[in-house]
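# Architecture and fold: a report
Here is how the chains run, residue by residue.
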Amino acid sequence: MKIGTPKEVLEGENRVAMTPESALQLQKLGHSCAIETGAGVRAGFSDEAYQEAGVEIVKTAAALWKNSDIIAKVRIPTDTEVKRLSEGQTLISFFNPGGNEKQLKMAADKGATVVAMEMVPRISRAQKMDALSSMANIAGYRAVIEASNNFGRFFTGQITAAGKVPPAKVLVVGAGVAGLAAIGTSTSLGAITYAFDVRPEVAEQVESMGAEFVYLDFEEEAKDGAATGGYASVSSPEFREAQLAKFRELAPEVDIVITTALIPNREAPELWTEDMVASMKRGSVIVDLAAEKGGNCKLTVMDEKIVTDNGVTIIGYTDFPSRMAAQASTLYATNIRHMMTDLTPDKDGVVNHNMEDDVIRGATVTHDHAVTFPPPPPKVA
Ligand code: NAD
């Protein structure tokens, strides 16, 4: 089969779904590869590099979509892109099936199969295809780098001939995939790092990374905010108050706050209030990785960087993986390549779209002219 990757059309999107390296691997599965000219340039991959890896360079998006059996891309397709799908074609991409009913129906009506990368079940066997985790890992890392770039001081403490520099204090709120990446980056830069999560079971992981877990003075802690299937649920008002009281105590102390707290299928909980921002030191930085879901900080403006009257920088960018396009593309293209490995069990260039397979079934949101979202819960943990 021919796998084609178009140039991303969303303005500012620098990632690409196929790299020269992933193309070599896809060819080992018996597939041929094509890419729209210039699609990899913003991620650091030239047409020549693809050509050397045996990839056909196609001049236009229209020709690429028309002549590929499988389209691999990053961003949720535009209407124009969905209209380009044809009978029997497969699209592998982020798709936001829960909030994209119209396009789901359009794709199903066209007879195309859509594999939505955010729907890959979060089970051990599927980790290699888990694009949400690969992108969250990058976002967590980049959030700290962005914070340090705006902080204007060292993260690590130093004793120099010109004076003593105290280490920066970093608080990470939410210790999921992005939060843990932020914690690892912050401790490796030498900052004193604190982390909080409503799931107390992550405390050990946080501490093993050299950070300090922030415990609340709250008896019900072990039970509350606690997880359903590893995810957070909404906290009780009492728990929330205890959490905010602790954050109020920490706000004047910390230099950097990275917030990553999310609850599946809900707006992000508001955890960093206006008065907390007001009590922070001039020069402090907040990076709100929940900006796309409304933000954990009351003052966050999505996709913007603002500076408050008291000199606190608040960053609400939502494109951290695209800001590290070379790394993000490499990991995403690897996730896609693993998906293709599972879709090509005999490595003979023939796709077997096995809807009995938990992972393939979970990620497939249209197939055989039908919308197949939401999937049944996975059987294997
Ligand atoms: P997420 O992005 O949904 O949320 C980020 C973090 O915010 C979570 O740790 C959550 O507990 C926390 N949070 C929510 N409300 C909060 C609040 N009020 N205060 C502080 N923190 C709050 O999380 P994620 O990174 O997608 O990970 C969620 C779960 O999925 C974790 O248990 C993780 O280990 C698991 N996971 C499993 C796999 C796999 O098995 N393949 C892959 C990725 C993640």
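Owing to the predicted nature of the structure, the values given are computational and were not obtained by experimental measurement.

## Section: the site of the ligand
As a matter of local geometry, the ligand sits amid 30 residues, with G174, G176, G230, A232 and A261 nearest to it. Where the shell around the ligand is concerned, the elements lending two or more residues are α6 (131-151) and α7 (177-188). The element contributing the most residues to the shell around the ligand is α7, with three residues. Residues of the shell around the ligand, tallied by class, amount to 16 nonpolar, ten polar and four charged.

## Re the packing of helix α1 (residues 20-28) against helix α12 (residues 325-343)
Contact geometry of α1 with α12 gives a least axis separation of 9 Å together with a crossing angle of 5°. Judged by the inter-axis angle, α1 sits roughly parallel to α12. Contacts between α1 and α12 involve S22, Q25 and L26 from the former and A333, T334, I336, R337 and M340 from the latter. Across the contact of α1 with α12, the residue classes break down as four nonpolar, three polar and one charged.

## A short note on the sheet that holds strand β9 (residues 169-173)
Strand order in the open sheet formed by seven strands is β11-β10-β9-β12-β13-β15-β14, with mixed pairing between adjacent strands. Of all strands in the sheet, those bounded by a partner on one side alone are β11 (212-213) and β14 (305-307). In terms of strand pairing, strand β12 (residues 256-259) meets strand β13 (residues 285-288) through four bridges, oriented parallel. Each bridged residue has a counterpart across the sheet, and for T259 the counterpart in β13 is D288. Of the strands in this sheet, β12, β13 and β15 (313-315) touch α6, which is tilted by about 155° from β13.

## Focus on α6
Taking 1.5 Å per residue as the helical rise, α6 with its 21 residues ought to reach 30 Å, and the 30 Å between its terminal C-alpha atoms agrees with that figure. Summarising burial for α6: 16 of the 21 residues are buried, a large majority. Following α6 by one or two positions, G152 has its phi on the positive side, about 75°.

## A look at unusual backbone geometry
For the bond from F373 to P374, the omega torsion is -5°, close enough to zero to count as cis. Along the chain, P374 falls in the segment after β17 (370-371). Non-glycine residue N265 carries a positive phi angle of around 60°. Following the sequence through the fold, N265 ends up in the loop between β12 and α10 (274-278).

## Let's talk about the confidence of the model for the chain
Of all residues in the chain, 96% attain a pLDDT of 70 or more, and the chain-wide mean is 95. Overall fold confidence for the complex sits at a pTM of 0.95, while the interface term, ipTM, reaches 0.95.

## Structural notes on the nonpolar core
In terms of nonpolar packing, the biggest core is built from 110 residues, with A143, V172, I258 and I286 touching the most fellow members. Excluding residues that lie within four positions of it along the chain, I258 makes contacts with A143, V144, A147, V170, V172, A182, V287 and L289.

## Concerning the pairing of strand β1 (residues 2-5)
Bridge count for β1 against strand β2 (residues 32-36) is four bridges, and the pairing is parallel. Residue pairing across strands places G4 opposite A34, the latter belonging to β2. Between the parallel elements β1 and β2, the chain passes through α1 in a crossover that is right-handed. As defined by bridge partners, β1 adjoins strand β4 (residues 70-72) across two bridges and the pair is classed as parallel. Across the sheet, residue G4 finds its bridge partner in β4, namely I71.

## Details of the pairing of strand β6 (residues 113-116)
Side chains T113 and V115 project from β6 onto one buried face, and the interleaved V114 and A116 project onto a second face that is buried too. When strand β5 (residues 90-93) meets β6, the two strands line up parallel, connected through four bridges. Within β6, the residue paired with L91 across the bridge is V114. For the crossover from β5 across helix α5 (residues 101-110) to β6, the handedness is right-handed. In terms of strand pairing, β6 meets strand β16 (residues 364-367) through two bridges, oriented antiparallel. Of the residues in β16, the one forming a bridge with V114 is T366.

## Section: the sheet that holds β17
An order of β3-β2-β1-β4-β5-β6-β16-β17 is seen for the eight strands of this open sheet, with the pairing classed as mixed. Only two strands of the sheet have a single partner each, and these edge strands are β3 (56-58) and β17.

Thresholds applied
Residues numbered from 1 in each chain as written. Predicted model: local features only at pLDDT ≥ 70, side-chain atom pairs only at ≥ 80, totals over all residues. Near = placed C-beta within 6 Å. Helix = DSSP H or I, 4+ residues; strand = E, 2+ residues; numbered from the N terminus. Nonpolar A, V, L, I, M, F, W, Y, C, P; charged D, E, K, R; others polar. Axes fitted to C-alpha atoms, helices over the stretch in contact; angles between N-to-C directions. Parallel < 35°, antiparallel > 145°, perpendicular 65-115°, else oblique. Contact = placed C-beta atoms within 7 Å. Pairing = 2+ DSSP bridges. Expected span 1.5 Å × (residues − 1). Buried ≥ 20, exposed ≤ 12 C-beta atoms within 10 Å, placed from the backbone. pLDDT = per-residue confidence, 0-100. Core = buried A, V, L, I, M, F, W, Y, C linked by C-beta atoms within 7 Å. Right-handed = clockwise from strand over helix to strand, strands pointing away.

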